[in-house]
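Given next are the chains, with one letter for each unit.
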Amino acid sequence: MERYWNEEIETMSREDMKKLQSERLVKQVKHVYENVKYYRDLMDEKGIKPEDIKSTDDLCKLPFLSKADLREAYPYGLLAKPLSECVRIHSTSGTTGKRVVAFYTQNDVDLWQDCCARAITAAGGTKDDICQVCYGYGLFTGGAGLDGGSHKVGCLTLPMSSGNTERQITFMRDLGATIICCTPSYAAYIGETLHDMGLTPDDIQLKAGIFGAEPWTEEMRRSIEKSLGIKAYDIYGLTETSGPGVAFECSEQSGMHINEDNFIPEIINPETGEVLPEGEVGELVFTSITKEAFPLLRYRTRDLCVLSRKKCSCGRTLIKMTKPMGRSDDMMIIRGVNVFPSQIETVLIEQGYSPNYLIEVDRVNNSDTLDISVEMKTDQLSDKVKDMQQQERDLATAIRMMLGISPKVHLVTPKSITRSEGKAVRVIDKRKLHDKI
Amino acid sequence: MQNVRQISVFLDNKPNQLTGVVKILKEANINMRALSLADTKDFGILRIIVNDTDKALEKLKAASYACTSTEIIAITIPDTAGQLSRVIEILGGQNVNIEYLYAFIGKSDKAVSFAIRVDDNAHASEALLNGGIIQLTENDISEM
């Protein structure tokens, strides 16, 4: 039987949810207008007053916020509460420039942990579980979010943080961890290490994994489920809105329920900003309606996905988002074609290769090049060069069928591509270096 | 005729890749009898014949090298002009396709050995036998 952390909210009728969201939104817009000069200026510029926002139907009147705004307002420009009321700071990994810092009041922390508790419960977690958190602890939201959620649910929490993979497995075995939380690339690495240590999924007690913080494919999900003997659940979030737990997957494993009592989602056309109807692909935008310290209104996530209100077999009525097809800034345009690393990952796993790969994009004589290094399959090693080259060509053909452009595939030795303990770096775009020069 | 097992190891085409392999063999006190390296832009395939194939495979696999063993034909011929030509003609006459071959030390200063990789070992072996070419066993090679 499906269990809920907060049944009232998670199964609330659409009408009641809209009423709740509208009440919270009206209050939040007023709070932001009064306390955040940066956003007040944006609203004034558009000629919008808090009184113009009467329900969620008026959401589209509000100005957007983007990562550029967060950088400009760094560090305190978007803070809506005095620092004396804030109890915590988290920060983005800062891979694409200046870090973003987010602030939390105690109430913000409680609501965030509540969202994570819903995710753990949806993955089958109860107070009888032992939850191993191997997301990084520290400024990154992954460790703190799932740790807090695990406490709320009442699981015995193992605050492992990331790294030291053999020790992770030793603790997992000795203490009988039943739930694991980490990035999907680290989960894949743990599965690989388990195998290398001569162990099988039967040697561990894990039953579920909650994986997020980077894009991953259905193929990767199946591969992790097999290597660890678990059911793998997706979780979504971003530091700007709180961290993991903005949306979470249920037993149906077909998209993530958004905690829309806290975050109102919209899908927009990334070029024009126009709101798109349910079912269309576009950029995901969130409005935080309960956060006190760092309440972002209409924050553009740059994640591309689809929203759906189709009835879910788990009984939750919370709107669902598909797994993001990639962050719009993960998308590469190669020879005029849009390419996401996840598409390449899909082909690799389908063809039996390991999900460890490196994509290098460059520009030679004004033409884009796409080079993909992939670890060769040990059991497919031939003493003949032509057989190995045929494997490279076959894989290149399969990738070309998926992308529409031809890559160069390079087979490399097993385990030679660096394993990630946090967010995996899969793409090196050398064209950007040229552009800077 | 017992064929000879050759070990193939997959290596990246980058500096220092061979170091690890030869170190493992050294530490296991394994002697290489024959060696050939095929390379492409991306990778190389190291092919070796050693005096203890099972032990070498075990040690390389334990160190996570991608390696495999393949049966090849090894022959010994006099170290004089025209001898290899004789061998090639015999195989060609029987329509045996040679994938690759490489020379290694002989049983004496007057002889030279060749490792020959073909698709049909039995057929090639019979042709060589009928042509009077001496074939080596794995045991012969380890005792050289």
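Residues numbered from 1 in each chain as written. Chains lettered and ligands numbered in written order. Predicted model: local features only at pLDDT ≥ 70, side-chain atom pairs only at ≥ 80, totals over all residues.

Asks: An account of the overall build of chain A is requested, with residue identities and associated values reported.
Replies: Helix and strand counts for chain A stand at 12 helices and 20 strands. Radius of gyration (C-alpha) of chain A: 22 Å, near the 22 Å computed for a compact globule of 437 residues. Considering only C-alpha atoms, chain A reaches an extent of 75 × 55 × 40 Å along its principal axes. Here chain A holds 437 residues, and the buried ones make up 47% of them. Long-range contacts, defined here as pairs at least 24 residues apart, represent 68% of the contacts in chain A between residues at least 6 apart. (Helix = DSSP H or I, 4+ residues; strand = E, 2+ residues; numbered from the N terminus. Rg over C-alpha atoms; globule rule 2.2 N^0.38 Å. Buried ≥ 20, exposed ≤ 12 C-beta atoms within 10 Å, placed from the backbone. Contact = placed C-beta atoms within 7 Å.)

Asks: Quick rundown of the overall build of chain B? Include the residues and the values.
Replies: Of the regular secondary structure elements, chain B holds 5 helices and 7 strands. Secondary structure elements of chain B, listed N to C terminal, follow the sequence β-α-β-β-α-β-α-β-β-α-β-α. Relative to its length of 144 residues, chain B is compact, with a C-alpha radius of gyration of 16 Å against a globular reference of 15 Å. Going through the 144 residues of chain B one by one, you find that 30% of them count as buried. Residue pairs at least 24 apart in sequence account for 70% of intrachain contacts in chain B once pairs closer than 6 positions are excluded.

Asks: So what's going on with the packing of helix 5 (residues 106–122) of chain A against helix 6 (residues 141–153) of chain A? Which residues, and what values?
Replies: Residues and elements named next belong to chain A. One way to put it is that helix 5 packs onto helix 6 with a least axis distance of 7 Å and a crossing angle of 75°. Compared by their axis directions, helix 5 and helix 6 come out roughly perpendicular. Side by side, helix 5 and helix 6 meet where Val109, Trp112, Gln113, Asp114, Cys116, Ala117, Ala119, Ile120 and Thr121 of the first sit next to Gly145, Leu146, Gly148, Gly149, Ser150, Lys152 and Val153 of the second. Each residue belonging to the contact of helix 5 with helix 6 can be placed in one class, and the counts come to 8 nonpolar, 6 polar and 2 charged. (Axes fitted to C-alpha atoms, helices over the stretch in contact; angles between N-to-C directions. Parallel < 35°, antiparallel > 145°, perpendicular 65-115°, else oblique. Nonpolar A, V, L, I, M, F, W, Y, C, P; charged D, E, K, R; others polar.)

Asks: A description of the interface of chain A and chain B should follow, citing residues and the corresponding values.
Replies: Between chain A and chain B, the contact holds 15 residues from the first and 18 residues from the second. In terms of residue class, the side of chain A that touches chain B is built from 7 nonpolar, 5 polar and 3 charged.

Asks: Tell me what's going on with helix 6 of chain A, and back it up with residues and numbers.
Replies: Residue and element names in this part refer to chain A. Between its first and last C-alpha atoms helix 6 spans 18 Å; for 13 residues at 1.5 Å apiece the expected length is 18 Å, and the two agree. Here helix 6 lies mainly inside the structure; 11 of its 13 residues are buried. For helix 6, the complete set of buried residues consists of Thr141, Gly142, Gly143, Ala144, Gly145, Leu146, Asp147, Gly148, Gly149, Ser150 and Val153. (Expected span 1.5 Å × (residues − 1).)

Asks: Report on the pairing of strand 17 (residues 357–364) of chain A, specifying residues and quantitative values.
Replies: Residue and element names in this part refer to chain A. Taken together, the 8 bridges between strand 17 and strand 18 (residues 367–375) define a ladder with antiparallel strand orientation. In the strand pairing of strand 18, Asp362 is matched with Thr369. Here strand 17 pairs with strand 20 (residues 427–429) via 3 bridges, running parallel. Paired with Ile359 across the two strands is Val427, which belongs to strand 20. (Pairing = 2+ DSSP bridges.)

Asks: I'd love a proper account of the sheet that holds strand 6 (residues 208–212) of chain A, names of residues and values included.
Replies: As a general point, the strands of a sheet are linked pairwise by backbone hydrogen bonds and lie either parallel or antiparallel. Residue and element names in this part refer to chain A. The 9 strands lie next to each other as 4-3-5-6-7-8-9-14-13, forming an open sheet whose pairing is mixed. Each edge of the open sheet carries a strand with a single partner, namely strand 4 (156–159) and strand 13 (307–308). Across 3 bridges, strand 8 (residues 243–249) lies against strand 9 (residues 256–258) in antiparallel orientation. The partner of Ala247 across the bridge, within strand 9, is Ile258. Where helix 5 meets the sheet, its contacts fall on strand 3 (130–133), strand 5 (179–182), strand 6, strand 7 (231–238) and strand 8, and the angle it forms with strand 8 comes to roughly 35°.

Asks: Mind laying out the domain arrangement of chain A, listing which residues take part and the relevant values?
Replies: By a widespread convention, an interface's size corresponds to the accessible area lost as its parts come together. Residues and elements named next belong to chain A. The assigned domain composition of chain A is domain 1 (1–329) and domain 2 (332–436). Each of domain 1 and domain 2 has a C-alpha centre, and the two are 30 Å apart. Between domain 1 and domain 2, the residue contacts involve 18 residues of the former and 13 residues of the latter. At the level of elements, helix 8 (184–196) and helix 9 (218–228) are the ones that each hand at least two residues to the side of domain 1 that touches domain 2. Here the element with the most residues in the side of domain 1 that touches domain 2 is helix 8; it accounts for 4 residues. (Domains from an automatic or database assignment.)

Asks: Account for the pairing of strand 1 (residues 4–12) of chain B, with residues named and values stated.
Replies: Residues and elements named next belong to chain B. Strand 1 sits mainly inside the fold: 7 of its 9 residues count as buried. Sheet topology places strand 1 next to strand 3 (residues 43–50); 6 bridges connect them, and they run antiparallel. If you follow Ile7 over to strand 3, its bridge partner there is Ile48.

Asks: Break down unusual backbone geometry for me, citing the residues and quoting the values.
Replies: A negative phi angle is the norm for most residues apart from glycine, just as the trans form is the norm for most peptide bonds. All names here are of chain A. For the bond running from Tyr74 to Pro75, omega is -5°, close enough to zero to count as cis. One can find Pro75 in the loop between helix 4 (67–72) and strand 1 (86–91). Positive phi, close to 50°, is recorded for Gln253, a residue that is not glycine. Turning to its location among the elements, Gln253 is positioned in the loop between strand 8 and strand 9.

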